[in-house]
Structure formats: C-alpha cells, structure tokens
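Listed here are the chains, written in short residue letters.
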Amino acid sequence: MRRALNALISREIKHAKAGKEAKIILKVNSLSDALLIQKLSEAAKAGVEIHMIVRGIFAPLRTLKKTKERVTAISIVDEYLEHARVMIFHNLGKEKIYISSADWMVRNLITAWKRPFR
C-alpha cells in the first residue's frame with residue numbers, strides 16, 4: 001500500500017512541478033507513517049495543495065510546518081471511530097478516489113515486518 005500511495009503522491013508532485021493543478025485530500029483516523037509524512041512534505045514543497053482530516057493520531061505537524069501555506073489540516077478527537085478512510089488525488093482533474101480501512105501507520109502499510117528506517 002505504501003508503494004502505491006508513494007506513486008500517487010509522486011504523480012501529484014510531477015503535475016505541480018509542471019505548473020498544473022495538483023491536490024491531495026485525505027481523511028484518515030491516524031497519520032503517523034514517517035515515510036509518507038516526508039513524501040507529503042515533499043509534495044507540499046513542490047506546490048501540491050494538501051487537505052487533511054485526521055480523527056486521532058496526527059504526527060506530521062512539525063514536518064509540514066514550513067509548508068503550511070499549502071497544507072490545511074483538521075484534527076478531530078471524538079469518541080466515535082469512523083471506519084472509512086478516503087484519499088483523493090487530483091490527477092489533472094481525473095480524480096483518483098480510494099476508500100480504505102487502513103490508516104497511514106507503519107503497521108498498516110508493510111506486508112511483512114522489516115525495519116523501515118536505516
């Protein structure tokens with residue numbers, strides 16, 4: 001899953017660098033995967049507009065601080081856990097919309113345990 005999300009974010013970066021509209025909208029319960037947070041930061045620095053709605057664990061604040069003009073984030077803490085996670089990638093106006101049950105957390109994004117950072 002991480003590989004596919006990385007490719008989708010990379011495509012938006014490519015569009016932004018080409019001067020085209022590029023946008024990512026995320027609705028997840030948790031956002032703590034360091035590799036994808038770094039990729040979102042790279043996207044924001046390239047000019048991708050990023051909107052996030054996060055219900056619980058929300059780790060990217062420090063990483064995305066320098067790109068806050070391109071990133072909007074709402075963190076909602078509530079007693080009810082919403083199941084659906086939604087990811088929308090602008091894709092030059094031909095939106096790619098994904099619905100998943102997996103949050104952007106290490107445990108959900110790797111198929112077998114291996115140390116993700118070196």
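Residues numbered from 1 in each chain as written. Predicted model: local features only at pLDDT ≥ 70, side-chain atom pairs only at ≥ 80, totals over all residues. Heavy atoms only, no water.

1. Remarks on the overall build of the chain
Here is step 1: The secondary structure content of the chain amounts to 4 helices and 5 strands.
Here is step 2: Mapped from its N terminus to its C terminus, the chain presents α and β elements in the order α-β-α-β-α-β-β-β-α.
Here is step 3: In the chain, once contacts between residues fewer than 6 apart in sequence are set aside, the share between residues at least 24 apart is 62%.
Here is step 4: Here the chain has roughly 7400 Å² of accessible surface; of this, 53% comes from carbon and sulfur atoms. (Helix = DSSP H or I, 4+ residues; strand = E, 2+ residues; numbered from the N terminus. Contact = heavy atoms within 4.5 Å. Areas by Shrake-Rupley, 256 points an atom, 1.4 Å probe, with all protein chains shown as cover.)

2. Describing the pattern of salt bridges
Here is step 1: In the structure shown here, the tally under the stated rule is 3 salt bridges.
Here is step 2: Where Glu 21 meets Lys 23, a salt bridge forms, and the shortest distance between an N and an O atom there is 3.9 Å.
Here is step 3: Looking at Lys 23, the relative accessible area reads 22%, which means it is partly exposed.
Here is step 4: For Glu 42, the salt bridge is made with Lys 39, and the minimal N-O distance between the two is 3.6 Å. On the criterion of helical spacing, the pair formed by Glu 42 and Lys 39 is a turn pair, its members being 3 residues apart in helix H2 (residues 34-46).
Here is step 5: A residue is classified by how much of its surface remains accessible, and Lys 39, at 13% relative accessible area, is buried. (Salt bridge = Lys/Arg side-chain N within 4 Å of Asp/Glu carboxyl O. Buried < 20%, exposed > 50% of the residue type's maximum accessible area, 1.4 Å probe, protein only.)

3. Regarding a nonpolar patch on the surface
Here is step 1: Side chains of Ile 53, Ile 74 and Ile 76 sit close together on the surface and give an oily, nonpolar patch of about 240 Å² of accessible area.
Here is step 2: Along the chain, Ile 76 turns up in the loop between strand E3 (71-75) and strand E4 (85-89). (Patch = residues over 30% accessible without salt bridge, like charges linked within 9 Å, V, L, I, M, F, W, Y side chains within 5 Å.)

4. Side note on the packing of helix H1 (residues 2-17) against H2
Here is step 1: Viewed as axis vectors pointing N to C, H1 and H2 meet at an angle of 10°, and their least axial separation amounts to 9 Å. Judged by the angle between their axes, H1 and H2 are roughly parallel. Contact residues: H1 offers Arg 2, Leu 5, Asn 6, Ile 9, Ser 10, Ile 13, Ala 16 and Lys 17, while H2 offers Leu 35, Leu 36, Lys 39, Leu 40, Glu 42, Ala 43 and Ala 46.
Here is step 2: Here the contact of H1 with H2 is built from residues that sort into 9 nonpolar, 2 polar and 4 charged. (Axes fitted to C-alpha atoms, helices over the stretch in contact; angles between N-to-C directions. Parallel < 35°, antiparallel > 145°, perpendicular 65-115°, else oblique. Nonpolar A, V, L, I, M, F, W, Y, C, P; charged D, E, K, R; others polar.)

5. Looking at H1
Here is step 1: A rise of 1.5 Å per residue sets the reference length of H1, with its 16 residues, at 22 Å; its end C-alpha atoms lie 22 Å apart and thus fit the reference within 8%.
Here is step 2: Burial in H1 covers these residues: Arg 2, Leu 5, Leu 8, Ile 9, Glu 12, Ile 13, His 15 and Ala 16. Down the axis of H1, the sector holding all buried residues measures 165°, keeping them to one side. In H1, the exposed positions that point more than 90 degrees away from the buried face belong to Arg 3, Lys 14 and Lys 17.
Here is step 3: At the C-terminal side of H1, Gly 19 shows a positive phi close to 80°. (Expected span 1.5 Å × (residues − 1). Arc of directions from axis to C-beta.)

6. Some details on the sheet that holds strand E5 (residues 96-100)
Here is step 1: Here 5 strands make up an open sheet; going across it, the order is E3-E2-E1-E4-E5 and the pairing mixed. Lying at the two open borders of the sheet, with one neighbouring strand each, are E3 and E5. When strand polarity is set aside, the average angle formed by the axes of neighbouring strands in this sheet is 5°.
Here is step 2: Strand direction decides the pairing type here: strand E1 (residues 23-28) and strand E2 (residues 49-54), joined by 6 bridges, are parallel. Residue pairing in the sheet places Val 28 in a bridge with Val 54 of E2.
Here is step 3: Along the sheet face, H1 touches E1, E4 and E5 and points at about 35° away from the line of E4.
Here is step 4: Strands in contact with H2 are E1, E2 and E3; relative to E2, the strand with the most contacts, it is inclined by about 140°. (Pairing = 2+ DSSP bridges.)

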